[in-house]
Each structure stands twice: as C-alpha cells, then as structure tokens.
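Residue-level structure breakdown
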Amino acid sequence: MSDAEDPTTFSPAEPTTGEEFEPVEVFPDNDDFDLRPGADNCYKCSTCDTNCPVAEVDDDFPGPKFQGPEQWRLTQTDDDYEIDDSITSCSNCLRCDNACPSGVPLSQMHNTARGRYVDEQMSKLSVEYIRNRILANYRTSAWLASKVPRLSTFVMNNSAVRWVMDKTMGIPKERDFPAFATETFQEWWAKRGGADESRRRARQNRPDDADPSDYKVAYFHGCYSNYNTTQVGKAMVRVYEELGFEVVVPEQKCSGTPMFANGMLDDAERHAKVNVSSMSDLVEQGYDAIASCTSCSMALRQEYPELFDIDGIEKVSENTYDSVEYLRIHTDIADRLSEATVEGDLAEEFAYHAPCHGRNQGLERQAVELFAELDGVGIEDVGDSCSGISGTYGWKSEKYEISMEIGQPMFDHMEDSAGETGMTECPTCAMQMEHGTGYDVRHPLELIEAAIVEA
Amino acid sequence: MAIDSELLVVGGGLAGLTTAVTAAREGVDVRLVSYKQSTLRNASGLVDVLGYTPDGEGPLTDPFAAIPELPDDHPYRTVGVDGVRSAMDVFDEVTDYRGGHTDTNALLPTHGGTVKPTARYPPGAAAGVASDDRDVLLVGLQSMTDFDAPHVAAHLEAAGVPFDVSGVTIQFPGDLQADAKVTRYAKLLETDPATRDGFVERIEANRSGQQRIGLPAVLGDDDHDRVRTHLESELGAAVFEVPSGPPSLPGLRLEDALFSALDSAGGSFETGNPVVDYEGDDRIDHVLVEKSGTEVPYSADQYVLATGGLVGKGIDSDREGVYEPIFDCHVDHAEDRYEWFDGDVFGDHPFARYGVDTDDRLRVLDADGDPQFDNLRAAGGVLGGYDYAAEKSGSGVSIATGYHAATAATEEL
C-alpha cells in the first residue's frame, strides 16, 4: 500500500486542513541532486522535442522528453533499469532547456543519465569509450600538440593518418583538424608581463574618478583560445584593458563541456574543482569571471551547480559572464561602437550564427545588436538552426553525417547572406561553419578590438 | 549600467510580440525579453477574435458585432471595436494569414473533429474551411495517434458539415519510429523527394475523387508553402493542414513570422532569462533580469507586461492567494480558495477570469483602482476579465491589447 491517503475518503472540494498531514521522505538515503520536482513539472507538451536538432534528422533518437523526465522516472521505478543507449546520440546542445515552458531541467537529466550510462553500461575497453575519452580530454591532446604545433597541425591533417584514425578510432577523415598556435595564449600572456602589465595598461585607460575595484576581471580563456585561436584571447585582453579593466588569468583546466557531453562526469568534476577553486578566490576579491567561449560560460554558470557540489560553486556561477555580455552590462560599449569605424581586414559583411549554448544564456542577438550601428561592417543573423557539430559530437565518424545534416540549413543561410565571413562566439561552431562553407570565421571580440583598440 | 531601451516588453507570446512589432514599426527603440522560447509553438496557429459570448452563445458569425455587448471589464471593451480592427490590420500586414477580407468568422475543422469559429487562419489551413462544399478526404498517419482521421471524419459528419467527409490512416513512407517528432515529418517532406513521392502515391491509392485532402499539420517548416503546393499539383486537389495541439508547426511558423517582423522593424529581443523584480516607486526605473543568479538591470521609459495567464505563469497562485509575480500587481480574487473554481469541470470557473485590471490606456491598476505605476501597461493573458478558453478569444485579445498597449506607450515617449 502506498503512503497516500485512502482515496475513497478524499474529496477534492473539501479543504485540506493540514492537521493530520505528515510529510513522507521519499528518498531518505539519496544524496544525489533530486530531479523529482523537475520531472513532475513536465506536462508533456513536447515543445522540447520540436527544438531537438537531432530528433529532426535521426530516426533512432527518441528526443529530449524521453531522455529527460521519462527516462528519469523509469530509473526510479526499476532498480535494474538500464539507460537507453540512445542517450549517446544526444548532442548536449541544451536547446531543450531554453524551450521548456515549465522549467524542467532537461540537460541536467541528460547529463545525469549519460554519466550513469557511461559509468555502468559502457565497456571501458571499447574503442568508443577510449575515443570519447580522448575527444573529451581535448585539453590534454592540445597541450601535447602545442609542444610541437607545426608538426601536430601537419600530422593531424595528413590524409593517411586521418584514414587510419577514421578506421581504427572512428574520428571522421572529412574534418580538418584545427591548427595549433605556435605560441599559446598563456605563453603570450606571460611574455607580455601578465597581470602586472595588464594593471598598468588598464589604469592608463580608466577615467580618473573610477573606482579600481569595479574594473577587475578574471579571464577563463578555455582550451581553444589557449591552443588554437589565440587571437580571441588576445582580443579579449586588449579590449578589456582599453575599457579600463585589469585582467588576470588564473590557473584553469578544461571547463568540462566535452566531458559532460561524453558522460565523463568524474573527469569533468576533477577539472571543475580546479576552476572553481581558483575562480572563487578571485570572486571573493571582487573579480568577475569572464569567458569568451559560450560553452565555457555555460558550464561555469549552469552545469557546475547542477551537477557538482564544490565549495564556492554558487558564487562562481553567479559571477560568471560571457565576454561580450559583460561589456554590454558594465560599459558604454554600445555607444563606443556606434561612433567607431572599422577599416582593413575586418571591414566585412559577417554571417553571424548564434551558438546554442549562447542562445541558452540569452545572448543570441548580442552581436547583431552591437554591430548593427558599427560603420564599415555589416552583420546578418543566419537564423536559429543548430550548427550540428556540438563540440565533440561531429568529431565521431558515426555522427558525422547527422552533424552535417543538422548544419545544412545554417550552411544554406550563410551562403544566402551578403557576407563571406562568418562570426560566432563558439569555437566548435566556428569549425563547423568553416567546414561547411569554407568561410573564415571570427569572434565578436576580434571585431570589437578592430573597432576600438588602436593597432 | 543598465541595458536601456525606450520600451521594454516582458513576455514573448502573441501579446508581447504584437506590442513589440507595433511599437518598432512606429520607430520606437523596443526590446522584448522572454523567459523561455515563445509559447506560440503550443498554439494551434489559428487566430480567434471571439467565437462565443461569455454566456456561451455561439458560434458567433460576426465577432466584431458582439464586442460592444461584452461586460465592461472585458479587455475588448477597453480597446474598443476600432482598436481591435486596427490591431488585426497590423497582424494582417506582418503575416500571410487569411480571413481579413471579412468580419465573419470562418469555421475550420480541428484535429478533434469539431468545427471551430476563427477570425484568421494560416494559408495552409485555408482549403479546409467548412463553408466549402467540396468533399474531403482526411488522411492520418499510423504513427501519429494525435490525429485519428476516421474518428475526426465521423465527428465532422456528426457536426453536420455540408460536404462528404471520410478518413483513412496510411503509413508514412520510410520506417519512422512510433514517436517520430512533427519536425521529423516536416524535415523529410521538405528535403526528401522520395518521401514526398511515396506520400503522394499512398494518398492517391486511398482517394476516391475527393477534391480536398486534409492532413495533419506536418507539411514542412520553413518551406511549408512549397511542400503544400507540390502536394497539390501532384494530387490535383486542394491540400490543407488540420491544426493540431502542441507541439504545433503552424504555431511555430507564426512565431517565426512575428519574430522576423520584429527583426525587420528594428526591434531587439532575447530569450532565456526571466524578469524577476523591479526598482522604482511611482515609476518603474528598471527591471531585473536574472542570469544564473545575477540580477542584471534593464531600463526603459515605458514597460509592457505580457507574461501570460495562469498557464503561462504570468499569474501565479498558492494556498494563500493569486498574485502577479514580477510587479506584485493587484489580482482581484476571492479570499476563500474554494471559491476560485466551480465544482463542474466545464463550469464557469472564476479563476479563468483572474488577472490584472487596467485603465482605458491599459495601465495596471492597484487595489484602489489607481495606476500602480505611471509607466506600466499590461497586455494579453495577464489581463483579467475574460475567459479565453470558453470564449475562443485568446489570440484576438492578445493582439488587440498588445497593439493598444504599444500605441498608448508610444504616445508617452
């Protein structure tokens, strides 16, 4: 018999006085995050399913409503329930989160289910597991590659090497490996004089009456700006200093995004602990955490507190911002840009794609709005479709075709737009945009730098 | 420093979008913020003005003629018949909807087999109007249990439609799983010629001369006109979609059309973070948008609240009472919560009319009947005084009050 009252004596029109009510603890020994309220909030409207880019093209994928609340319920009623292996087909784009009118934490449910699937059901000796682990730990590979950047870029794009990787590891030969920078962002930063130099430059640019404690940011550059697109990291530093902010670059690991997407929550937590520890100290000292990659900011803001219990995690989450968003909130960047003119290299028409993880933070229009009034450039939003690569997802041979099919509307809209240069905040979306159209892709910070920082 | 605009619209449904589009077309610097994606994809895509009177009289032939007879506190009385007409003109200009040629309601079949009075309908539904006497074949899909074509046909026949209607269920080409999403069908019909050809073949095999074919609303997304036209030319018959419940592609297409109208009119918008609070006394100085625990100020000269009703959570309730969560606007309701509803499921529920009260310029009023703030107006489901589900007036009230709020706010700038 359940704990509920005898239904025959229950009258819906009679007031419940509360006098005889004793709350029952349903999961007394469970110290995981309780997903029950989230699952109960789902009223099955299926709006999430209409937002799922994978379900639109993959006939075997049952969609977010199943992966989230429905599967969660199954895990509660049957101890032997095995997570459906379709969970590995979720690309972790998080669009379902933004779609749900009822506040169901879908991505948290997906991450939890995927973690459990990988932990309990996936063979640790399978090629798929090893491949996914390597992809998820991109930081480690990139660190290694950065020791011999030119050789790495050459070898990783050698067609024989790539054919072998495709056959043995399931890494699609069609994709171009990103070039590794000959000098990492961190190396550049240290050589330039680090935080001391940044303080000196920021002070020069700050109004005399400004309170220096309002002008302190800690930069979370992420792996990609460090090892690959270092120009984005450099642009962040120069733009912020130009606006009077002193930048520090604390010790940091991977944000964890590729690890969540591959169900490797232990790896993610290990990295998160380092990031939270260094960022929370700085937040205590009045710094705000700034990320230039929208998946990194998403991880620090939303996924960390949803998945881990680490000291200071809430504080870090509350004080993390996307790099462009922060400027819009705390500076007169909109006015500065409306008075500026861009010449030279970046005086282009841009085809802008809003990354899903940026969309989820409410940032889908920031670049279009900011640059609409900027002279010398044009910008066009290429629509709300997903790029399809979703980090490591499109880097798996068995997902490659799906990834390209999801990306097709974006490629088409890019081709239709006036420009032949792409723009986005997300490094892997940029990779997909380049792959599908051959366009160069730039980060909004690069354009802001071109507009307001003297070369 | 706050993110500043002339007019800030809170809410991204039909009311919020109409407000923002109307103001942007007047050159106002407008920003729309919506907690989540627009709930329009939960809507059928049909746009009603008024189908029944509050007393249940109807279906009404002329919704506009019935407006002056509505109770004083009905939002349509605030806007007035001319206001409703002007609002619908704006809607007609920014969408490709049909029905604007007449004041008379059209009657359209629903996926439940009822006939629904509605003022505007998407072109994809046009050939389904019940006033057309050509025979209809309804075609359902085996895996789509939401639309049972033989059942719908039987209901329509029982409702006395002036044409012969029959229904068949076919298998959609390809081996789709039972719970394939509406977007999957749409994608295949849009991008895969073999699917389209197979679909036409299977429909043709079940047809016995009917000149109209009704299908579930899955005929394409961005490119839906092309899909429907293609089917029409292949079948040599008029093809229409039967509007469905959520998730609804016609609703999604309407959402796209309105956001695109807002974009071309120069309006700004963003979704993903809720407005949770405000600062100000007689005037709202700014509202606070919560972004992962941080409250970011958004300021404006004028504000419009378009957060929806009880379902949209623009109006909320607990055991203590009914309230408006952002500005704590006054919501008139019975003290005893057992008086909020009627014992009969389809009875006359007082809660259905709960919402904020306004002056004739849609400024939100406090408990004493005075404007709560100089610069806050309300539009759409958050308003009280009407029961949209019973009257079939939800879309029209949202459009009319959105337009009226935008016009009144613009005059203040």
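Residues numbered from 1 in each chain as written. Chains lettered and ligands numbered in written order. Predicted model: local features only at pLDDT ≥ 70, side-chain atom pairs only at ≥ 80, totals over all residues. Heavy atoms only, no water.

All names here are of chain A. According to the domain assignment, chain A contains domain 1 (35-121), domain 2 (185-330) and domain 3 (335-452). Here domain 2 and domain 3 have C-alpha centroids that lie 22 Å from each other. For the domain 2 and domain 3 pair, buried surface summed over both sides reaches about 2,200 Å², with 63% attributable to carbon and sulfur atoms. Together, Thr294, Val324 and Arg328 form the three largest contributors to the area buried by domain 2 at its contact with domain 3, with a combined 25%. In this structure, Arg238 engages Glu449 in a salt bridge whose closest nitrogen and oxygen atoms are separated by 2.8 Å. (Domains from an automatic or database assignment. Buried area = accessible area lost by both parts, 1.4 Å probe. Salt bridge = Lys/Arg side-chain N within 4 Å of Asp/Glu carboxyl O.)

Turning next to the interface of chain A and chain B. Contacts between chain A and chain B engage 45 residues on the former and 37 residues on the latter. Contact between chain A and chain B buries roughly 3,500 Å² in total, counting both sides, with carbon and sulfur atoms accounting for 44%. One can count 6 salt bridges joining chain A with chain B. Here Glu369(A) makes a salt bridge to Arg31(B), at a shortest N to O gap of 2.9 Å. (Contact = heavy atoms within 4.5 Å.)

The predicted coordinates of low-pLDDT regions are not to be read in fine detail. Confidence in the prediction for chain A averages 91 pLDDT; 93% of positions are at 70 or higher. Every residue in residues 1-5 of chain A is under pLDDT 50, and counting partners more than four places away or in other chains gives 1 contact. (pLDDT = per-residue confidence, 0-100.)

Quick look at the pattern of salt bridges now. Applying the stated rule across the entire model yields 50 salt bridges over all chains. Asp267(A) serves as the salt-bridge partner of Arg270(A), at 3.3 Å between the closest nitrogen and oxygen. Taken together, the residues Arg270(A) and Asp267(A), both in helix α15 (residues 265-284) and 3 residues apart, mark about one turn of the helix. Among the residues examined, Asp267(A) registers a relative accessible area of 4% and is labelled buried. Linking Arg25(B) and Glu93(B) is a salt bridge whose minimum nitrogen-to-oxygen distance equals 2.3 Å. Residue Arg25(B) is located in helix α1 (residues 14-25), and its partner Glu93(B) is located in helix α3 (residues 75-94); the two are separated by 68 residues in the primary sequence. When its relative accessible area of 39% is taken as the criterion, Arg25(B) is described as partly exposed. (Helix = DSSP H or I, 4+ residues; strand = E, 2+ residues; numbered from the N terminus. Buried < 20%, exposed > 50% of the residue type's maximum accessible area, 1.4 Å probe, protein only.)

This next bit is on the sheet that holds strand β5 (residues 349-352) of chain A. All names here are of chain A. The parallel open sheet is built from 4 strands, whose spatial order is β6-β5-β7-β8. Of all the strands in the sheet, just β6 (378-381) and β8 (440-442) have a single pairing partner and so form its edges. Each adjacent strand pair in this sheet contributes to an overall mean axis angle of 35°, direction not counted. The sheet contact formed by β5 and β6 spans 4 bridges and is parallel. Considered in β6, the bridge of Glu349 is made with Gly378. (Pairing = 2+ DSSP bridges. Axes fitted to C-alpha atoms, helices over the stretch in contact; angles between N-to-C directions.)

It is worth spelling out the domain arrangement of chain B at this point. Residue and element names in this part refer to chain B. The assigned domain composition of chain B is domain 1 (3-99 + 251-412) and domain 2 (123-242). Its C-alpha centre places domain 1 at a distance of 34 Å from the equivalent point of domain 2. Contact with domain 1, which involves 6 residues of that partner, is made by 9 residues of domain 2. Where domain 1 abuts domain 2, roughly 610 Å² becomes buried across the two surfaces, and 46% of that area is made up of carbon and sulfur atoms. Of all residues in domain 1, Asp96, Arg98 and Arg253 bury the most surface against domain 2, accounting for 77% of the area lost on that side.

With 7 of 8 residues buried, helix α18 (residues 323-330) of chain A is to be regarded as a mostly interior element. A distance of 3.0 Å separates the backbone nitrogen of Val324(A) from a side-chain oxygen at the start of α18(A), and that oxygen is part of Asp322(A). (Polar contact = N/O pair within 3.5 Å; in protein donor to acceptor, adjacent residues only side chain to side chain.)

Our focus in this paragraph is the sheet that holds strand β4 (residues 320-322) of chain A. Residue and element names in this part refer to chain A. The 4 strands are arranged β2-β1-β3-β4 in an open sheet whose pairing can be described as parallel. Looking at strand neighbours, the two that pair on one side only are β2 (246-248) and β4, the edges of this open sheet. The mean angle between the axes of side-by-side strands here comes to 35°, regardless of whether they run parallel or antiparallel. Bridging between strand β1 (residues 216-220) and strand β3 (residues 288-291) involves 4 bridges; their strand directions are parallel. Residue pairing across strands places Ala218 opposite Ala289, the latter belonging to β3.

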